[in-house]
Amino acid sequence: MKALVLKEYKRFAYEDVPVPEPGPEEVLIAVKACGICGSDVHGMDGSTGRRRPPIIMGHEAAGIISRVGSRVTAWAAGDRVTFDSTIYCGHCEFCRRGLINLCDHRRVLGVSCEDYRQNGAFAEFVAVPQHILYRLPEGLPFEHAALVEPFAIALHAVRRGPPALNDAVVVIGAGMIGLALTQALSRTGCGQLIVADVAPERLALAAKLGATHLINSAIEDSSIAIEQLTDGLGTDRAFEAVGLPATVDLALRCVRKGGAVTLVGNVAPKVEFPLQVAVTRELTICGSCASAGEYPACLDMLARGALNAAPLISAAAPLAEGAAWFDRLYRKEPGLLKVVLQP
Ligand SMILES: [Zn+2]
Ligand SMILES: [Zn+2]
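Residues numbered from 1 in each chain as written. Chains lettered and ligands numbered in written order. Predicted model: local features only at pLDDT ≥ 70, side-chain atom pairs only at ≥ 80, totals over all residues. Heavy atoms only, no water.

## Concerning the overall build of the protein
Next up, step 1: From N to C terminus, the protein includes eleven helices and 19 strands.
Next up, step 2: Over its C-alpha atoms the protein spans a radius of gyration of 20 Å, differing by no more than 12% from the 20 Å that the globule rule assigns to 343 residues.
Next up, step 3: The C-alpha extent of the protein, read off along each of the three principal axes, is 60 × 40 × 40 Å.
Next up, step 4: The buried share among the 343 residues of the protein stands at 53%.
Next up, step 5: Only carbon and sulfur atoms are counted for the fraction: they give 52% of the accessible area of the protein, which is about 15000 Å².
Next up, step 6: Separation of charge centres in the protein, based on 33 positive and 36 negative side chains, amounts to 2 Å. (Helix = DSSP H or I, 4+ residues; strand = E, 2+ residues; numbered from the N terminus. Rg over C-alpha atoms; globule rule 2.2 N^0.38 Å. Buried < 20%, exposed > 50% of the residue type's maximum accessible area, 1.4 Å probe, protein only. Areas by Shrake-Rupley, 256 points an atom, 1.4 Å probe, with all protein chains shown as cover. Lys, Arg positive; Asp, Glu negative; His and termini not counted. Charge placed at Lys NZ, Arg CZ, Asp CG, Glu CD.)

Right, here's the structure in full:
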């Protein structure tokens, strides 16, 4: 089969590799669409240590089952499916509590790090365990289904800290996750839905996807703007979808006393923490990682049009052109959001 292989940092080859052999509890999927994730782009230069070559990346995918392992009974060739980006073990203490995103033995598809190497879906075929599969609703295109993972991350974050009716909410960062969050939050009945980012084209998209107020942090002071929009109180909730020192700081400072901050972005491993802001204003701070059971809800919402993948897809292109698209994303070409590759 053809696959897009990261041969060494920043160098791809589109080449022939053996078709993976599905184990007894696995299915072989003919990949129809696979999105390029920010973590793939960040990882391909070695900076995260989680894409050690050689590796076939790709964890946001959908396709058709072509073959099932000997012990698979609930799935059959021809089924249209997507799958969780995380392979959880199902047996550890956290899996048993339903916290599958926190599994002690989690492996992410398309990741190679110190502990494991798990080839992903930038290939004609990928083998995945049956317990992470989800059936696609009828009529949901593969390209849209491939985006279920970022939407599931957004839904999980909202469920970790759902706004009350008419709450003022700010989303910091209008990248893929921030825009998915904006859509999900717009369905929760919150009042003001403020989105802050530095890229005008992303803010324009946020406005189309449910934001009621936009802040361009490159040209205005976000804290002051939020203060003005909320009569000096601050927002009830902040969702941080960047993960840099300045944006985490903003999230903590822009909520009202007694407000809540949900941290999703984590580009920087460490940030300076405004301790007194958090303590004396009695903030509730919660982290949100990946997703844990939100896929079916997301697929249903995508199929119903309650969430909309199309505006987030900048391009759908053949897998053979993958290296060039990675390069354009790596160079941060303005206006490029999600690129979906088709084997
Ligand atoms: Zn991803
Ligand atoms: Zn587990």
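## Some points on the environment of W75
Next up, step 1: Position of W75 among the secondary structure elements: in the loop between β4 (60-68) and β5 (80-83).
Next up, step 2: Judged by its relative accessible area of 13%, W75 falls in the buried class.
Next up, step 3: Aside from chain neighbours lying at most four places away, what touches W75 is V27, I65, V68, V81, Q130, L133, Y134 and R135. (Contact = heavy atoms within 4.5 Å.)

## Things to note about the coordination of the zinc ion (ligand 2)
Next up, step 1: For the zinc ion (ligand 2), the full set of protein donor atoms is C89 (SG), C92 (SG), C95 (SG) and C103 (SG), at a range of 2.3 to 2.4 Å.
Next up, step 2: Between the four donor atoms coordinating the zinc ion (ligand 2), the angles at the centre fall across 103 to 117 degrees, so the site counts as tetrahedral.
Next up, step 3: When the donor residues of the zinc ion (ligand 2) are listed from N- to C-terminus, their spacing reads C-x2-C-x2-C-x7-C. (Donors = N, O, S within 2.8 Å, 3.2 Å for Na, K, Ca; no water. Tetrahedral: all angles 85-135°; square planar, octahedral: opposite > 155°, others 65-115°.)

## What about the coordination of the zinc ion (ligand 1)?
Next up, step 1: Those protein atoms acting as donors to the zinc ion (ligand 1) are C37 (SG), H59 (NE2), E60 (OE) and E149 (OE), and they sit at 2.1 to 2.5 Å.
Next up, step 2: Relative to the metal, the four donor atoms surrounding the zinc ion (ligand 1) lie at angles of 75 to 156 degrees, and the coordination shape comes out irregular.
Next up, step 3: Between consecutive donors of the zinc ion (ligand 1), the numbers of intervening residues give the motif C-x21-H-E-x88-E. Residue H59 is found in the loop between α1 (38-43) and β4, and its partner E149 is found in helix α4 (residues 148-160); the two are separated by 90 residues along the sequence. Like H59, the residue E149 is buried in the burial classification.

## Digging into the nonpolar core
Next up, step 1: The biggest cluster of nonpolar side chains holds 48 residues, and the ones touching the most others in it are F151, L179, L181, L185, L307 and L312.
Next up, step 2: Breaking this core down by element, the ones donating at least two residues are α3 (142-145), α4, β12 (169-172), α5 (176-185), β13 (193-197), α6 (200-208) and α10 (295-304).
Next up, step 3: The dominant element in this core, judged by the number of residues it contributes, is α4, at eight residues.
Next up, step 4: Those residues in contact with L181, other than ones at most four positions away along the chain, are A154, A157, V158, V171, F239 and A241.
Next up, step 5: If you look at the next biggest cluster of nonpolar residues, it comprises 46 residues, including V5, F12, V126 and L319. (Core = buried A, V, L, I, M, F, W, Y, C linked by side-chain atoms within 4.5 Å.)

## Remarks on the pattern of salt bridges
Here the idea is simple: oppositely charged side chains can pair when their charged atoms come close.
Next up, step 1: Per the counting criterion, the structure on display carries 14 salt bridges.
Next up, step 2: Linking E21 and R67 is a salt bridge whose minimum nitrogen-to-oxygen distance equals 3.4 Å. Note that E21 is positioned in the loop between β2 (11-16) and β3 (26-35) and R67 in strand β4, a separation of 46 residues in sequence.
Next up, step 3: The exposed category is assigned to E21, whose relative accessible area is 59%.
Next up, step 4: Residue class for R67 comes out partly exposed when judged on its relative accessible area of 36%.
Next up, step 5: One salt bridge connects D79 with R135, and the closest N-O pair in it is separated by 3.2 Å. Separated by 56 residues along the polypeptide, D79 in the loop between β4 and β5 and R135 in strand β11 (residues 133-135) bring together distant segments of the chain. (Salt bridge = Lys/Arg side-chain N within 4 Å of Asp/Glu carboxyl O.)

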